[in-house]
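Chain residues, written in single-letter form:
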Amino acid sequence: LLVYVDDEWRREWDAETLFLDDERGVGVLVQPRPGRCVLMHQDVLHRVSAPSLAARRPRYSLVLRLCLVPKEGRARERESVCRPEWGAPARFG
């Protein structure tokens, strides 16, 4: 889980996170916004661009690593922390 923690972040300050699908040669660019969260698999290829000179400051984020452990005796159907009420996840990669 990636959380952008700055109280303010303007679009012209850049510092986006790019998630890459190396096999297909495409990517998804995520702009930082205060409080925005991105749920991602830890092994997805990604990189962060530097803040622009206009930002005059660093961009901060918090990364939490979630470990999913299936209940004993149950077959692991799929690895997910998504809930139906959130809607379908945007799958990438």
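Note: the structure precedes this text.
It should be emphasised that the depicted structure is a prediction, and the values quoted were computed from it without experimental measurement.

## Re the side chain of Asp6
Tracing the backbone through its elements, the reader meets Asp6 in the loop between strand 1 (2-4) and strand 2 (17-21). A distance of 3.2 Å separates a polar atom in the side chain of Asp6 from a polar atom in the side chain of Arg57. Leaving out residues up to four positions away in the same chain, Asp6 has contacts with Pro34, Arg57, Pro58, Arg59 and Tyr60.

## Some details on the sheet that holds strand 1
Across the sheet, which stays open at both edges, the three strands sit in the order 4-1-6 with antiparallel pairing between neighbours. A strand with exactly one partner marks an edge of an open sheet, and here the two such strands are strand 4 (37-38) and strand 6 (61-63). Taken together, the two bridges between strand 1 and strand 4 define a ladder with antiparallel strand orientation. Bridge pairing in strand 4 places Leu2 opposite Val38.

Basis of the calculations
- Residues numbered from 1 in each chain as written.
- Predicted model: local features only at pLDDT ≥ 70, side-chain atom pairs only at ≥ 80, totals over all residues.
- Heavy atoms only, no water.
- Helix = DSSP H or I, 4+ residues; strand = E, 2+ residues; numbered from the N terminus.
- Polar contact = N/O pair within 3.5 Å; in protein donor to acceptor, adjacent residues only side chain to side chain.
- Contact = heavy atoms within 4.5 Å.
- Pairing = 2+ DSSP bridges.

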